[in-house]
Amino acid sequence: MNLLLRSILLCLVPSMLAASVSAEELKLRDICRIKGQEITTVQGLGLVVGLKGTGDPDAKPTAKALARMIQLMGGQISTDPRGQLMLDDVEQAGNVALVFVTARVPEVGAQQGDRLDCTVNAIGAKSLAGGTLMLSPLLGPRADQPTVYAMAEGPLRISNPDSPTSAMVHQGAKMERSLLAPFHENGRLTLVLDRDFADFDTVQWIEDAINSQGEQPLTGESAGIDPSARVPVARAIDQLHIEVDIPPVYRNNPISFISLLLGLRVALPNNDTRVVINEREGVVVIGEEVRIAPVLITHRNLRIEAGARPGFVPVDAAAPKAENAKLKNLADALNALEVPTDDLIAIIKALKTKGDLYGDVIFQ
């Protein structure tokens, strides 16, 4: 069909499915985490040596750091009458670069002696290729608590040749002190929902699911658990957080309780009223229950009327005539006519702007 020569009239009507809320059972561990189990970043400044003339060009901070390191390692650096280091001998060191060093401590924390990968980023150097990171202290995430948690050193590896100013040191950061990830406090833990699930309805469903156990112990993966263990009271704090009390029987063994709690299956309503658009990749994901109001759409050489009105041939002749059309039916019709994805995205934007699309549109 030649879209440039014809104007197409379509009538889009919804399917026979009733507008009812369906539910899917998921384990709590699939949709939330425990507060305190979070990635932490330790960071610091370091020196990279062994570069082939691609280091910092006449950078005084680099010269000062290099002079200080040479002095700490027993090298001889001249000082002026006030005791300040003389930088004349190191200012032209083109094979040295001052860098930022970072390492990510996983959600479970890290113990003294653990080794982590670290990332090195140049400040003024043209390239870090062939360099070696000198022993560098990594501080905690809070600037008001400058505690050294790790020491980093080792040969650099450039992962992307197009970006030679960033590199990595495999297992280059050694933890000098433990960085713990607490998961409960005062007999209470907090569940944090993934943001894709975070809303008032979802936290209420989870709170009810935990509290509805009543006098029964947690089920699902709780075989062999003391039957005196009762489900604690769960309280939804906001769209993201739910506080849960640890039962007295588990106060000395909270790990067992957390394992049971995260294994609890919760029935959540399916979120079928979202449209996710990735314009860069040309991907459109449409939920089953996203509907559009009766509307006339004119786009380029297309004329589309969406709605259950007499006189038009319906996509689904058995569908109820009183309900609004589904957006996916519109997308199917446009796809059958080989309409480009860019045009579909443009139509969805216009429908949302006018207020004729009933659902959330998320752009990535």
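These notes cover the structure that comes with them.

Thresholds applied
- Residues numbered from 1 in each chain as written.
- Predicted model: local features only at pLDDT ≥ 70, side-chain atom pairs only at ≥ 80, totals over all residues.
- Heavy atoms only, no water.
- Axes fitted to C-alpha atoms, helices over the stretch in contact; angles between N-to-C directions.
- Helix = DSSP H or I, 4+ residues; strand = E, 2+ residues; numbered from the N terminus.
- Parallel < 35°, antiparallel > 145°, perpendicular 65-115°, else oblique.
- Left-handed = near helix turned anticlockwise from the far one by under 90°.
- Contact = heavy atoms within 4.5 Å.
- Expected span 1.5 Å × (residues − 1).
- Buried < 20%, exposed > 50% of the residue type's maximum accessible area, 1.4 Å probe, protein only.
- Arc of directions from axis to C-beta.
- Polar contact = N/O pair within 3.5 Å; in protein donor to acceptor, adjacent residues only side chain to side chain.
- Pairing = 2+ DSSP bridges.
- Phe/Tyr/Trp six-rings, centres within 6.5 Å; stacked < 30°, edge-to-face > 60°.
- Patch = residues over 30% accessible without salt bridge, like charges linked within 9 Å, V, L, I, M, F, W, Y side chains within 5 Å.
- Areas by Shrake-Rupley, 256 points an atom, 1.4 Å probe, with all protein chains shown as cover.
- Salt bridge = Lys/Arg side-chain N within 4 Å of Asp/Glu carboxyl O.

### What to know about the packing of helix α5 (residues 327–336) against helix α6 (residues 341–354)
Orientation of α5 relative to α6, taken along the N-to-C sense of each, is 150°, at an axis distance of 11 Å. Accordingly, the angle class assigned to the pair α5 and α6 is roughly antiparallel. When you trace α5 past α6, the crossing you get is right-handed. Of the residues in α6, those in contact with L327, L330, A331 and L334 of α5 are L344, I347, I348 and L351.

### A look at helix α3 (residues 200–211)
The first and last C-alpha atoms of α3 sit 16 Å apart over twelve residues, in line with the 16 Å expected at 1.5 Å per residue. Within the span of α3, buried status applies to T202, V203, I206, E207, A209 and I210. Taken down its axis, α3 places every buried residue within 160° of arc, on the same side. Facing away from the buried side of α3, by more than 90 degrees, are the exposed residues F200 and D201. For α3, the N-terminal capping position is held by D199, with its side-chain oxygen 3.1 Å away from the main-chain nitrogen of D201.

### Overview of the environment of L193
With respect to the secondary-structure elements, L193 resides in strand β10 (residues 188–193). Separated by 162 residues in sequence, L193 and I31 have C-alpha atoms that sit 5.9 Å apart. Ignoring anything within four residues of it in the chain, the contact list for L193 reads I31, C32, A198, T202, V203, I206, Q239, L240 and I242.

### Looking at the environment of L116
With respect to the helices and strands, the residue L116 is situated in strand β6 (residues 115–122). Of the residues examined, L116 reaches a relative accessible area of 12% and is grouped as buried. Taking C-alpha positions, L116 is 5.1 Å from A173, a pair spaced 57 residues apart along the chain. Residues in contact with L116, not counting those within four places in the same chain, are R104, V105, P106, V169, Q171, G172, A173 and M175.

### Here we look at the sheet that holds strand β16 (residues 291–292)
Read from one edge to the other, the open sheet built from three strands follows the order β19-β16-β20, with strand pairing classed as antiparallel. Taken across any chain shown, the strands that pair with only one partner, and hence form the sheet edges, are β19 (325–326) and β20 (357–358). Two strands pair when backbone bridges link them, and β16 and β19 are joined in this way by two bridges, in the antiparallel orientation. Paired with I292 across the strands is A325, a residue of β19.

### Details of the packing of aromatic side chains
Within this structure, the stated rule accounts for one aromatic pair. A centroid spacing of 5.8 Å and a plane angle of 40° characterise the contact between Y250 and F257, whose relative ring orientation is tilted. Taking relative accessible area as the criterion, F257 reaches 1% and is therefore assigned buried.

### With respect to a nonpolar patch on the surface
On the surface, L45, F100 and I123 cluster together to form a nonpolar patch covering roughly 290 Å² of accessible area. Among the secondary structure elements, F100 is positioned in strand β5 (residues 97–105). When its relative accessible area of 46% is taken as the criterion, F100 is described as partly exposed.

None of this, on its own, says anything about what the molecule does.
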